[in-house]
Number of protein chains: 2
Amino acid sequence: MQHLKHCQGLAQVFLIRSQSSRLSKSIIPSLSVWDGNISSRWRSTGGHGRQKYFNDRLPKFRFALAGLLAGSGAVLAYKLQQGKVQWAATSAELPVAETSTPPIYTLEEVTKHRSLDNGVWVTYKGDVYDITEFVAIHPGGDKILLAAGGALEPYWALYAVHQQEHVLEILSKYKIGVLNPESYKKQESANPSDPYSAEPTRHPALQINSLKPFNAEPPASILSDNYITPSVIFFKRNHLPVPRLDPKTYKLEIEGLPDGVVSLSLSELKSRFPKHTITATLQCAGNRRSEMNQVKQVKGLNWGIGAISNATWSGARLRDVLVYYGFGPEVEAKAKHVQFEGLDRDVTGSAYGASIPLNKAVSEESDVLLAYEMNGEDLPPDHGYPVRVVVPGVVGARNVKWLGKIVVSDEESKSHWQQNDYKGFSPGTDWDTVDFKSAPAIQELPIQSAITHPAEGTSLDLSDKELTVKGYAWSGGGREVVRVDVSIDGGKTWHVAKLRSSDTGQHPVPPPPGRAWAWKLWEIDIPVPHRAQELEIVCKAVDNSYNTQPDTVAPIWNLRGVLSNAWHRVKVKVSV
Amino acid sequence: MQHLKHCQGLAQVFLIRSQSSRLSKSIIPSLSVWDGNISSRWRSTGGHGRQKYFNDRLPKFRFALAGLLAGSGAVLAYKLQQGKVQWAATSAELPVAETSTPPIYTLEEVTKHRSLDNGVWVTYKGDVYDITEFVAIHPGGDKILLAAGGALEPYWALYAVHQQEHVLEILSKYKIGVLNPESYKKQESANPSDPYSAEPTRHPALQINSLKPFNAEPPASILSDNYITPSVIFFKRNHLPVPRLDPKTYKLEIEGLPDGVVSLSLSELKSRFPKHTITATLQCAGNRRSEMNQVKQVKGLNWGIGAISNATWSGARLRDVLVYYGFGPEVEAKAKHVQFEGLDRDVTGSAYGASIPLNKAVSEESDVLLAYEMNGEDLPPDHGYPVRVVVPGVVGARNVKWLGKIVVSDEESKSHWQQNDYKGFSPGTDWDTVDFKSAPAIQELPIQSAITHPAEGTSLDLSDKELTVKGYAWSGGGREVVRVDVSIDGGKTWHVAKLRSSDTGQHPVPPPPGRAWAWKLWEIDIPVPHRAQELEIVCKAVDNSYNTQPDTVAPIWNLRGVLSNAWHRVKVKVSV
C-alpha cells in the first residue's frame with residue numbers, strides 16, 4: 001500500500017504538465033523539461049513489493065475483473081477509483097516538483113511492456129504511461145491488459161465513459177514520458193474508426209442517459225399513453241455498439257447439447273419452430289436509479305422512471321429449440337444454467353453475456369423466446385436484430401440482444417454483468433466491503449409501480465376538484481399486479497386505482513397463473529381536499545403473491561443503484 | 001332499513017331482562033312481567049317489507065355467506081355486526097319500556113318457525129328469539145338457518161366465538177319470549193356433547209389464541225431454537241374440531257378425473273406412490289396480526305410472530321397421484337384448480353375447504369404433497385392425521401388437514417375461506433366497502449421476517465458491548481431468502497445477518513431455483529453505541545426476486561389483518 005502511495009505521489013509531479021498536454025499536443029516538446037531520473041527511479045522500484053501488493057489487493061478487487069466491458073459499471077468504478085487515488089496521493093510523502101525533459105520512447109519500446117512482470121505501458125495521445133500498479137485497481141478489471149503495450153484510444157472509443165476529466169486525471173498520475181513523433185504518427189494512422197459510427201437513428205423524444213453505448217428512455221409523460229409501447233420509444237439499454245448483422249449470414253450457435261455444437265440460420269429458426277407470441281414488459285435493473293442518487297450517490301446511468309416498456313414479442317420458444325436439438329433428462333441431470341452471448345463485441349472480441357437458471361429456460365410455462373419480431377415487425381437494430389432472447393419476468397440484462405450463442409451449462413455466465421454487476425446489496429455495504437459473490441445475480445425483479453401523470457412540480461388548476469393520476473405497475477416472475485393504491489396525502493390515506501391491460505378498455509383474456517408478463521396501466525380520479533395547496537402523490541402496487549413496495553428509498557439504497565422500487569412520490573402544487 | 005331499526009328498538013326493551021336471565025335461569029318466572037302485545041305486534045309486522053329489505057342488504061352481505069364455519073372470521077364479523085346493530089338501535093324511535101309477562105312457547109311452536117317465510121325462531125338457554133331479520137346480516141351467513149326452529153347451543157358449542165358478551169347482547173335484541181319449563185328440560189337433555197371433547201393434548205408452552213377451535217403459537221423465545229420446529233410446538237391453526245380418524249377405514253376420494261370418483265386407502269397411498277420428503281415452512285395468513293391491531297382494530301385471531309413454523313413433510317406427490325388416476329392433457333385443457341376438502345366438519349356436515357391453481361398442483365417442481373408424515377413420524381392429530389395437503393410456498397389455509405376429498409375442477413373452492421376470507425385489501429377498504437370478489441385468494445405469501453431475540457421491552461446488560469439479535473426469514477412461492485438486514489437504530493443504519501438452513505452449522509445442499517420452501521434462521525452480533533439507553537431493533541429480509549418488506553404497518557393494514565409483513569421492530573433498554 002505504501003508503495004502505491006509513493007508512486008502516486010510521484011505521479012502528482014506531472015499533473016500540471018499532463019493537463020496542459022490535453023490542451024495542445026502540438027506544443028508538447030517546447031513544454032517538456034524532465035528529469036529522466038524520475039522515471040528511471042520509478043522503474044527501478046516498480047517491481048518492488050508488487051507481488052505482495054497484488055496479493056493484498058486482488059481479493060478485494062476480484063469483483064472488478066472483466067468490467068472493462070461495463071458501460072455504466074465503468075462510470076461507477078472510475079469515480080470510486082478517483083477517490084482512492086486522491087486519498088493515496090494526499091497521504092503520500094511528496095517529492096519536490098522537478099522539471100526536466102520527459103523520456104522519449106519508440107513504439108517498439110512501449111510494445112515490450114505488456115505484462116505485469118515486464119510492466120504495463122500504454123499510450124494516449126502521444127504520451128506514455130506505466131500503469132502496472134493501476135492494473136489491480138482498474139475498475140474494469142484486468143481487461144485493461146488488452147491495451148498493454150499499445151494505444152488506449154481504441155478501447156476508450158468503445159467506452160465513452162473514459163472520456164471524462166477525472167479519468168484523464170487518474171491516467172496522468174502514471175505518465176512516464178512521450179512517444180517520439182514518428183511512432184505517434186504511425187499509431188494515429190492505425191487507430192480504428194469510431195465503433196459507434198453505424199448506430200441506428202433514434203427517436204427525438206428519447207431522453208438520452210448515455211450516447212456511447214446508447215442508453216435512453218421515453219419521457220414519463222408519454223410512457224403510459226400506450227399499453228403496447230411503440231418500438232421507437234421503447235427504452236434502449238445497450239452495453240456496446242449496435243452490431244449490424246446480415247440476416248442471410250446470421251448464425252445462432254448452440255452448445256452443451258449431446259450432438260455438439262449446433263448452428264442455426266435465421267430462416268431455420270423461423271421455419272423449424274412454431275411462432276409463439278407473448279406480451280412482456282422489460283425493465284432495466286437501474287430503472288428509477290435517479291431516486292437512489294437523491295439519497296446518496298450511486299454508480300450507474302441516472303435513469304428516471306422510464307427504463308421500462310411493454311411490447312409484444314414473437315419467436316421460437318427456447319424450450320422447443322433446445323428439445324429439438326437433444327435437450328432431455330440426460331442434459332438436465334447435469335446442466336443448471338443456460339448462457340447467452342450477444343454479437344455485440346468490444347475490440348477484443350469479448351461479447352455481452354448473461355445466463356438464466358435452467359428451469360426458467362426449459363419450463364413449458366416460462367415462455368422464454370428466441371424472438372425475431374417486436375410489435376409485429378422485425379426486431380429493430382436497437383432491440384437485437386435479427387434475434388434476441390426475451391426472458392419474461394426477468395431483469396432486462398438477461399434478455400440478451402443480437403444473440404450469437406446459447407450454451408447449456410452447469411455454470412452461470414462468467415460475464416462481468418452476471419458475476420459483478422446487476423446484483424443487490426444492503427444499504428450498509430459500500431465499495432470497500434462489497435463481495436459480489438455474496439449476492440445472487442438478479443433474475444426476477446420485485447414489484448414496481450410509478451406515477452406518469454402528473455409530473456413532479458406541476459401546478460394544477462383544480463377547478464373541477466378532482467385530480468387524475470396515471471401510471472404503470474408491474475412485477476417480475478409472472479406475478480400479476482392485482483392492486484395499485486394511490487395517495488395524495490403522502491401515504492396517510494389510500495385509494496384503489498383502476499387497472500387496465502389494453503388500450504381499448506376491453507378486458508383481454510387474463511394470463512394463466514404465474515405468466516402475467518405484461519404491466520398494467522392504472523388511473524384514478526381523486527377528490528382534492530378543499531384549500532389544499534400542495535399534494536404529495538404516492539403510488540404502491542401489490543402483486544398476486546401480495547408482495548408490495550417498500551415505503552422509502554434509503555433502506556433499499558445500494559451501491560449500484562439497482563432495484564429501486566420504493567413508493568413513487570410526486571409533489572404538485574394546487575392553484576385554485 | 002327503517003323496519004329493522006324499529007324491530008331492534010323494540011328489542012332494546014328486553015335487554016336488562018335478558019342479561020339477568022344469563023345470571024340465573026331458575027328465577028326467570030318471578031321476573032317475567034310481559035305485555036304479550038309486543039311480540040304479537042312484532043310478529044304481525046314481521047313480514048312487512050322483508051323481501052325489499054333482503055334485496056337491499058343481500059348483495060352487501062354476500063361475502064359473509066357460509067362464514068358460520070369461520071373461527072376467526074366469526075369473531076370479526078360479530079364485532080362488525082355489533083357496531084351495526086348499535087347504530088341501528090340508537091337511531092331508532094324507541095318505544096316506552098314496558099314490563100309484562102313474556103309469551104311462553106312450547107318446543108312445538110318454536111319448531112314451526114324454521115324458514116324466512118314462517119319466521120326464524122331459535123332458543124338459547126330457555127329463551128326464545130325471532131331472528132328472522134338477523135339472518136341476512138348474520139356474519140356467518142345463512143348457515144344460521146340450520147339452527148332454525150331449535151336450540152343454538154349445539155352450534156355455539158362448535159364455535160366458541162359466539163360465547164362473548166357482545167354476541168349475547170345482539171341476540172337479546174331479538175327475544176320474543178321463553179320456553180315453557182317442560183320444553184326447556186326436554187331440549188337440554190337432547191343437547192349433544194361438546195364436539196371438542198376429543199381434542200388432543202397440547203404442549204403447555206403453546207400460547208393459545210383460541211381454544212375452540214384450537215389456535216396456538218409457540219412463544220417467540222423458543223421459535224428459532226430449532227431449525228426444524230418440533231411438532232408439539234409447531235403453530236396450530238384449526239378451523240373446526242379435530243376429527244379423530246381411523247387409519248384402517250380412512251378413504252381419500254378424488255373427483256374430476258376421467259374415470260370418475262376414485263377412492264384410495266391410506267395403505268394404498270403409502271404403497272402405490274414414491275415417498276417424497278421436503279422441508280417446508282408453513283405460515284398462517286394472520287401471522288403478526290397483532291401489529292395491525294396496534295394501528296387500528298382488525299378482525300381475527302391476535303397472532304404474534306409465531307404463526308409460522310418449519311417441518312419436514314413426507315408423502316406422495318399430488319402430481320403422481322393425479323397422473324396415476326388419469327390426469328393428462330384432456331383434463332388439463334379444462335381444469336384450472338384443484339380443490340381440497342377436509343374431514344373436519346361442522347354439525348351440518350360442511351367441511352373445511354380450499355383450492356390451489358392447477359399449475360401449482362401438477363407442476364413437477366411444485367412439490368405439493370399428500371403428506372402422512374411430519375418430522376419423520378405419523379402426522380399428529382392437530383396437523384391432519386392421517387393425511388394432509390402440504391402446498392409449499394403457499395399460505396397455511398390451503399394446506400388442508402384431515403384430507404377427505406380432492407376435486408380437479410374449473411372452479412376455485414366455493415368455501416368461505418377461499419371466497420370470502422384470506423384475501424388482501426387496501427388500507428382504505430372497510431367492511432362497508434369491501435368486495436371480496438375484487439381480490440384474489442391468497443396463495444403465495446410475501447417476504448417475511450421477524451426478531452425472536454431479544455424480546456420487546458427487555459433490559460439488556462451490555463457489558464460486552466455487543467447485542468446478539470436472532471430471528472427467522474421466509475418467502476412464499478419457493479423464493480429463497482438471500483439477505484436479512486438488521487438495524488439497532490430504528491432503520492437508519494443496517495447490518496447483514498448470518499443466515500442458516502440447519503441446526504448443525506453445516507450447509508445443506510441449496511434448494512433448486514424456485515423451490516426454497518424452508519425458512520432461514522438468522523443471527524448477528526451488533527456493537528452497541530456508547531451511552532445508548534434504548535435500542536430500536538429492526539429486521540427486514542430480501543428474497544431472490546429481490547422483493548423486500550415494507551417499512552411500516554399502516555400502509556399495508558387491511559380489515560382482516562392478514563399479510564402483516566412490515567419490518568419487525570423490537571425496542572429494548574440498555575443497562576450499562
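Up top you'll find the structure we're talking about.
Residues numbered from 1 in each chain as written. Chains lettered and ligands numbered in written order. Predicted model: local features only at pLDDT ≥ 70, side-chain atom pairs only at ≥ 80, totals over all residues. Heavy atoms only, no water.

## Concerning the relation of the copies chain B and chain A
Relative to chain A, chain B is turned by 179° and slid 0.0 Å along the rotation axis, the superposed coordinates differing by an RMSD of 0.3 Å. Taken together, the turn and the small shift mark the pair as related by a two-fold rotation axis. In terms of C-alpha distance to the rotation axis, chain B has B:Pro550 as its closest residue, with the C-alpha 2.0 Å off the axis. Looking at the interface residues of chain B, 100% of them are also at the interface in chain A, so both copies use one shared face. (Least-squares fit on C-alpha atoms with pLDDT ≥ 70 in both. Contact = heavy atoms within 4.5 Å.)

## Structural notes on the packing of aromatic side chains
Taken as a whole and assessed by the stated rule, the structure comprises 26 aromatic pairs over all chains. On the basis of an interplanar angle of 50° and a centroid distance of 5.5 Å, the ring pair of B:Phe134 and B:Tyr174 is categorised as tilted. Of this pair, B:Phe134 sits in the loop between strand S4 (127–130) and strand S5 (150–151) while B:Tyr174 is found in the loop between helix H9 (165–172) and strand S6 (175–179), placing the two residues 40 residues apart along the sequence. With a relative accessible area of 5%, B:Tyr174 lands in the buried category. By the ring-pair criterion, three or more aromatic residues cluster together here, those being A:Phe234, A:Phe235, A:Trp303 and A:Trp313. The ring of A:Trp494 is capped by A:Lys540, whose NZ or CZ atom sits 4.6 Å from the centre of that ring. (Phe/Tyr/Trp six-rings, centres within 6.5 Å; stacked < 30°, edge-to-face > 60°. Helix = DSSP H or I, 4+ residues; strand = E, 2+ residues; numbered from the N terminus. Buried < 20%, exposed > 50% of the residue type's maximum accessible area, 1.4 Å probe, protein only. Lys NZ or Arg CZ within 6 Å of the ring centre and 35° of its normal.)

## Digging into the sheet that holds strand S20 (residues 448–453) of chain A
What links the strands of a sheet is backbone hydrogen bonding, and the strands pair in either a parallel or an antiparallel sense. All names here are of chain A. Across the sheet, four strands lie side by side as S20-S22-S26-S25; this open sheet has antiparallel pairing. Single-partner strands in this sheet number two, and they are S20 and strand S25 (498–500). Taking the axes of each pair of neighbouring strands and ignoring which way they run, one obtains an average angle of 30° across the sheet. (Pairing = 2+ DSSP bridges. Axes fitted to C-alpha atoms, helices over the stretch in contact; angles between N-to-C directions.)

## Topic: unusual backbone geometry
Residue and element names in this part refer to chain A. With an omega of -5°, the peptide bond between Lys212 and Pro213 qualifies as cis. A positive phi angle is found at Asn375, which is not glycine, with a value near 50°. Here Asn375 is to be found in the loop between strand S16 (369–374) and strand S17 (377–378). A relative accessible area of 23% means that Asn375 is categorised as partly exposed. Its identity as a non-glycine residue notwithstanding, Tyr546 has a phi of 60°, on the positive side. With respect to the helices and strands, the residue Tyr546 is situated in the loop between strand S27 (534–543) and strand S28 (568–575). Its relative accessible area of 5% is what places Tyr546 among the buried residues.

## Overview of the environment of A:Arg398
All names here are of chain A. Within the secondary structure, Arg398 sits in the loop between strand S18 (388–390) and strand S19 (403–409). Residue classification places Arg398 among the buried positions, given a relative accessible area of 0%. On a C-alpha basis, the gap between Arg398 and His530 in space is 49 Å, while along the polypeptide they are 132 residues apart. Those residues in contact with Arg398, other than ones at most four positions away along the chain, are Phe340, Ala354, Ser355, Ile356, Val389, Val391, Trp417, Gln418, Tyr422, Ala441, Ile442 and Gln443.

## Considering the interface of chain B and chain A
Between chain B and chain A, the contact holds 38 residues from the first and 38 residues from the second. Summing both sides of the interface, chain B and chain A together bury roughly 2,900 Å²; the carbon and sulfur share of this comes to 52%. Where chain B meets chain A, there are zero salt bridges. Here chain B is connected to chain A by 19 residue pairs in polar contact (both at pLDDT 80 or more). Considering each element in turn, the side of chain B that touches chain A owes the most residues, three residues, to strand S23 (residues 481–487) of chain B. Here the residues of the side of chain B that touches chain A sort into 19 nonpolar, eleven polar and eight charged. (Buried area = accessible area lost by both parts, 1.4 Å probe. Salt bridge = Lys/Arg side-chain N within 4 Å of Asp/Glu carboxyl O. Polar contact = N/O pair within 3.5 Å; in protein donor to acceptor, adjacent residues only side chain to side chain. Nonpolar A, V, L, I, M, F, W, Y, C, P; charged D, E, K, R; others polar.)

## Quick notes on the pattern of salt bridges
Residues and elements named next belong to chain A. The final tally for this structure, using the stated rule, is 43 salt bridges over all chains. Close ionic contact of Glu108 with Lys186 constitutes a salt bridge, the shortest N to O distance being 3.9 Å. With Glu108 in helix H7 (residues 107–111) and Lys186 in helix H10 (residues 181–190), this pair connects stretches of sequence that are 78 residues apart. Given the relative accessible area of 52%, Lys186 is considered exposed.

## Details of the nonpolar core
Among the nonpolar cores identified, the biggest contains 71 residues, and A:Leu322, A:Val338, A:Leu370, A:Leu403 and A:Ile406 are the most heavily contacted of them. If near-sequence neighbours (up to four positions away) are discounted, A:Leu370 is found in contact with A:Leu252, A:Leu269, A:Gly315, A:Ala316, A:Leu318, A:Val321, A:Val387, A:Arg388, A:Val389, A:Leu403 and A:Ile406. (Core = buried A, V, L, I, M, F, W, Y, C linked by side-chain atoms within 4.5 Å.)

## Comments concerning the pairing of strand S3 (residues 119–124) of chain B
The two faces of the sheet receive side chains in turn, since in a regular strand these alternate between them. Residues and elements named next belong to chain B. When you tally the buried positions in S3, you get six out of six residues, the bulk of the element. Alternating residues of S3 divide into Gly119, Trp121 and Thr123 and Val120, Val122 and Tyr124, and every residue in both groups is buried. A loop of three residues connects strand S2 (residues 114–115) with S3, the two strands running antiparallel in sequence. The pairing of S3 with S4 spans four bridges and is classified as antiparallel. Each residue of the ladder has a partner; that of Val122, found in S4, is Tyr129.

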